Amino acid sequence: MMREFESLRPALVYLSPDEIGTIEQAYEFSRNAHEGQFRKSGEPYISHPLAAAGNPAGRHLDPQTLAPALLHDVVEDTPATAGEIETRFGKAVALLVEGVSKLDKLAFASEQQAQAENFRKMLLAMAQDVRVILVKLADRLHNMHTMGAMPAEKRRRIATETLDIYAPIANRLGLHSVYQALEDLGFRYSHPNRYQVLSKAVKAARGNRRELVDKVRIALQEKLELCKVEATITGREKHLYSIYRKMQEKNLAFSEVFDIYGFRVVVRDQPSCYLALGALHALYKPIPGKFKDYIAIPKANGYQSLHSILTTDMNRLAESGVASHWMYKSADTALNDVQTRTHRWLQSLLDIQADHGDSPEFLEHIKVDLLPDEVYVFTPKGRIMALPRGATAVDFAFAVHTDVGRHCVAVKINYELMPLRTQLRNGDHVEILTAANASPNA
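Residues numbered from 1 in each chain as written. Predicted model: local features only at pLDDT ≥ 70, side-chain atom pairs only at ≥ 80, totals over all residues. Heavy atoms only, no water.

A. Focus on the overall build of the chain. Helix and strand counts for the chain stand at 19 helices and 8 strands. Residues counted as buried form 47% of the 442 residues belonging to the chain. Contacts spanning at least 24 positions in sequence make up 64% of the contacts within the chain whose residues lie at least 6 apart. Here the chain displays about 22400 Å² of accessible surface, and carbon together with sulfur accounts for 52% of that area. (Helix = DSSP H or I, 4+ residues; strand = E, 2+ residues; numbered from the N terminus. Buried < 20%, exposed > 50% of the residue type's maximum accessible area, 1.4 Å probe, protein only. Contact = heavy atoms within 4.5 Å. Areas by Shrake-Rupley, 256 points an atom, 1.4 Å probe, with all protein chains shown as cover.)

B. Expanded view of the packing of aromatic side chains. Taken as a whole and judged by the stated rule, the model has 6 aromatic pairs. For the pair Phe5 and Tyr27, a centre-to-centre distance of 5.3 Å together with 40° between the ring planes defines the contact as tilted. Of the two residues, Phe5 is situated in helix 1 (residues 3-6) and Tyr27 in helix 2 (residues 17-33); the sequence distance between them amounts to 22 residues. Judged by its relative accessible area of 0%, Tyr27 falls in the buried class. Both rings, one in Tyr241 and one in Tyr244, keep their centres 6.0 Å apart while their planes meet at 40°; by these two values the pair is tilted. Here Tyr244 and Tyr241 lie together in helix 13 (residues 240-250), a separation of 3 residues that amounts to about one turn. Of the two residues, Tyr241 and Tyr244, both sit in the buried class. An aromatic cluster of at least three residues, connected via ring pairs, comprises Phe187, Tyr195, Tyr241 and Tyr244. (Phe/Tyr/Trp six-rings, centres within 6.5 Å; stacked < 30°, edge-to-face > 60°.)

Have a look at this one:
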């Protein structure tokens, strides 16, 4: 009964025959352990670990990540033990399986406490080996794709947990495609009616704009060739949850969201990024306040770009994030900084755990920590200022100078008048308006 494994085999071509043999043994072990078990959909249970392994295989991750993906539910759901896995596949694989396994067999006072304890255990394992979360995210992604047979309330609970915890973790680790997929699936099951309405609207817009997108792509290519900038251009459509979030945050109708489509321009090196940007700004007038330089100020997950203009090395990091470190036989040392930042972040989570013994409180602190620690904004003269998360325009005014804070009357954020209580976001251009006889309302 190896036919199921054949669906995974084409994705394993980057491995050696011996390594493929080990993955095949992990599949056989998992299939035998799950024999007679079925998913809610009626499919044999082995279909789930097989699909979970397909995700890291598609990113060419190492065999020590693929085997735990196949084995991740064995200890939890079958009589097989962690000792057997260690004997057959080694300590590294056994530790990863143990890290991903949940604590469902223990008794907890509440579902929230169980969720927090599960996450606490996974966090401790992540601190030892970040591949734990790579396997867990692959597991969660397939579960989200196959939730149709579950009761609506359970779907909603899992979707909310995914939006609160797992999608932000994928984003923080730079796993861009996983992050987007988890957000869209979380949106689909947490707000099914809104998802359907917005999905139809995007499909209608897609039909109307396809010809325009092709024209823009060709124009971009011709302009860059004229400026002698070597580049690869691909178009993309914003994912649904991103559009929905923008509508919610800015109180916009769908027709007012003008950046449903975007273009990624991949060039050779950093200087070419800025050359390409100049060429494209000459072709299309930029919108004031909408340009973000993530090369000068990289995101917390290591993403670097001029909005959507990336170098080839940056593009690899943008697609795979911290997982790039475990790409098969990768000798790239340029990712050390991302690894360092990731482990520093994990250590900060361990510090939170040490300070907050109560499980639900720990989980709430983790949710807060998944947001960026600081926001970086620009003064009218182009100076970069770092402010704490949640900072408002008034905080910015006082950070510039106490007198500016005491006499501020209004603020322009990205050249638009906004309330002084407006929370600032990364990349905002902030200009404070003052009056000599004025002071802000307490």
